Amino acid sequence: MTEYGRGPGSQPWHPEDPLYGDQGYAGQQYAAQQQVQQPPYGQQHYPGQQQYGWDPSQDTGGPYAAQPGAAPYTEQQTGQYQEQHTGQYPVGHAVEQADHYGHTDPYPPQHQEQVPHQEQVPHQEQTGQHQVPYVGEQRTAEAEPADDRISLFDDPAEAPAVPAGDEDVDGDEGAGGRKRGRERRTKKPKKRRSGTACLLVAVVLVGGVGGLGYLGYDYWQANFGPAPDFEGEGNGQVQVVIPKGSSLTQMGQILEKNGVVKSARGFAEAADKSAKGKGIQPGTYSLRKEMSAQAAIEMMSDNTNFLTFGEGTRAVDVYTAIDKKLDLKPGTTKDVAKDQAKNLGLPAWANDDPKIKDPLEGFLFPSQYNAGKGTKPEDILRQMVARAKDNYAQQDLDGKAKELGLKSPMQLVTVASLVQAEGVTHDDFRKMARVVYNRLKPTNTETNGKLQFDSTFNYLKNQSKINIGTAEIHSDQDPYNTYVHKGLPPGPIGNPGMVALQAAMDPEPGDWYYFVSIDGKTQFANTLAEHDKLVREFNDSQKKKKQG
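Novice: Mind showing me how you'd approach helix H12 (residues 332-339) here?
Specialist: The α-helix winds at 3.6 residues per turn, so residues separated by three or four positions along the chain end up facing the same way. Along H12, the positions that sit buried rather than exposed are Thr333, Val336 and Ala337. Buried residues in H12, looked at end-on, bunch into an arc of 100 degrees, giving them a common side. Structural note: H12 exposes Lys338 and Asp339 on the side pointing more than 90 degrees away from its buried face. Summarising the contacts, the buried residues of H12 are in contact with helix H11 (315-325) and helix H13 (377-393).

As structure tokens, this is what we get:
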């Protein structure tokens, strides 16, 4: 079989290909399986038979040139397949048909370069070796080009339109026509860049640049630009607690969180430029929502709006101070406390004894509170209870109470109120707490379980006396009279601060049962004899003061 009409395609011919072979020579087409399975050509040489491996000395027509007088192609079945080539057409073939084998250049130019190589192949009859059948030039499939891969930036490839005249190439068309037909079918369309993908990339880049610009501006505005601020005196009312030791920045953060000012930085900058702002003290303030930084500073630094309560202040004294501050009828706040005690936010463990005189005693935390115009008594009381509750919640009152042999957190607060009332300085508090716990012991033989504190008797009498007669003390059977009743009083006798509470939770080790305050200094003793000696020193000191 010849290669006339082969195109430059990368795939071998296939029998079903319309360009396979020469459609003009019916009967000379061989099935694909015959070409693969046919045995080698025989070694017999017959007269007039043209073998592949032609003689280059014949310069006319090449190995496939027509030879007059030769017989037509025939097949001889002798166990080996042989082909006679005569150059004549089969019977019945049209005479007018073009002679595809008559031209002098059967191969394209590139095949001519192989002629010298073919001359070196010895003839079949000279070597006597089996001749390999000529099946045409075999070409390996070429690798697909890398640009066949589809990416985000490629539009789908469009199949090229094939002209109607090129759809079927028959045998009448020359080799050049068949080559052009295959080229048209095998040529791949060029890919185009996707405009949508490019637009998407552009949008992403523009958005990224815009986002970075916005973040940069926002950072500059938040750190270097003018601080945002509200205008005016604000509206509504809100309670704000400024803890002890808070800086101006921390104060601003608390105010911003509660909606008082628009920015913490604006408040801190304004307060730092003002003497009033630098003098703001920790405490509880009644302020308004959405105030300008300067308006908040003015309101927080106005001493006429403040109510300050010291450590150990009794509840009755708190009520009197609120009435005076708010220009209310005396006793108004006390009645509010009695009627609304359950609505002021007390912890669940409060008031565990029905003999407690005032349910708010011990929960009106000592601090500074704002009592501006329009403030109600219950507002201030609620602030004070909330402040005490928050501070107590930070301590393990229940665990410490059990550790110290107390029944409840309420009793621990009661001990703290006794320490606060009896102690002169903070240095006395831990020793004073030890005296309390030592006297509460069942093994106490010095006072037999009685506290015998003047402060408890003064509380029930709502007084503050130093010299109380023995007959007076022992004659009153009130539950708060620790000269008569063993153990702790029913409830706190004042509102202790955090130092006294911490001392009650962590008493100093010692065997003290007695104490006497002389000239502002507390002296501690282990025995009654030592105590009596200290009492004589105290009496002498009092005489000198009266004489002087």
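Next comes the rest of the description.
Novice: Looking at this structure, I do not really get the packing of helix H15 (residues 409-422) against helix H16 (residues 429-440). What am I missing?
Specialist: A pair of packed helices can be characterised by two numbers: the angle between their axes and the separation between those axes. Viewed as axis vectors pointing N to C, H15 and H16 meet at an angle of 125 degrees, and their least axial separation amounts to 9 Å. When the interaxial angle is binned, H15 and H16 end up oblique. As H15 runs across H16, the sense of the crossing is right-handed. Seen from H15, the contacting residues are Leu412, Val415, Val419, Gln420 and Glu422; seen from H16, they are Phe429, Met432, Ala433, Val436 and Tyr437.

Novice: For this particular structure, what's the right way to read the side chain of threonine 414?
Specialist: Mapped onto the fold, threonine 414 is located in helix H15. Overall, threonine 414 belongs to the buried group, its relative accessible area being 2%. In this structure the side chain of threonine 414 is engaged in a polar contact, spanning 3.0 Å, whose partner is the backbone oxygen of methionine 410. For threonine 414, the residues in contact, after removing those within four places along its chain, are Pro489, Gly491 and Pro492.

Novice: How should the pattern of salt bridges be read in this particular structure?
Specialist: Pairing between side chains of opposite charge can happen when the charged atoms of each approach one another. Per the counting criterion, the structure on display carries 10 salt bridges. For aspartate 398, the salt bridge identified is with lysine 402, shortest N-O distance 3.6 Å. Here the residue aspartate 398 and the residue lysine 402 both occupy positions in helix H14 (residues 397-403), the gap between them amounting to four residues, near one helical turn. Note on aspartate 398: relative accessible area 40%, which makes it partly exposed. With a closest N to O distance of 3.6 Å, aspartate 506 and arginine 430 form a salt bridge. Of this pair, aspartate 506 sits in the loop between helix H19 (498-505) and strand S5 (514-518) while arginine 430 is found in helix H16, placing the two residues 76 residues apart along the sequence.

So, how was this worked out
- Residues numbered from 1 in each chain as written.
- Predicted model: local features only at pLDDT ≥ 70, side-chain atom pairs only at ≥ 80, totals over all residues.
- Heavy atoms only, no water.
- Buried < 20%, exposed > 50% of the residue type's maximum accessible area, 1.4 Å probe, protein only.
- Helix = DSSP H or I, 4+ residues; strand = E, 2+ residues; numbered from the N terminus.
- Arc of directions from axis to C-beta.
- Contact = heavy atoms within 4.5 Å.
- Axes fitted to C-alpha atoms, helices over the stretch in contact; angles between N-to-C directions.
- Parallel < 35°, antiparallel > 145°, perpendicular 65-115°, else oblique.
- Left-handed = near helix turned anticlockwise from the far one by under 90°.
- Polar contact = N/O pair within 3.5 Å; in protein donor to acceptor, adjacent residues only side chain to side chain.
- Salt bridge = Lys/Arg side-chain N within 4 Å of Asp/Glu carboxyl O.

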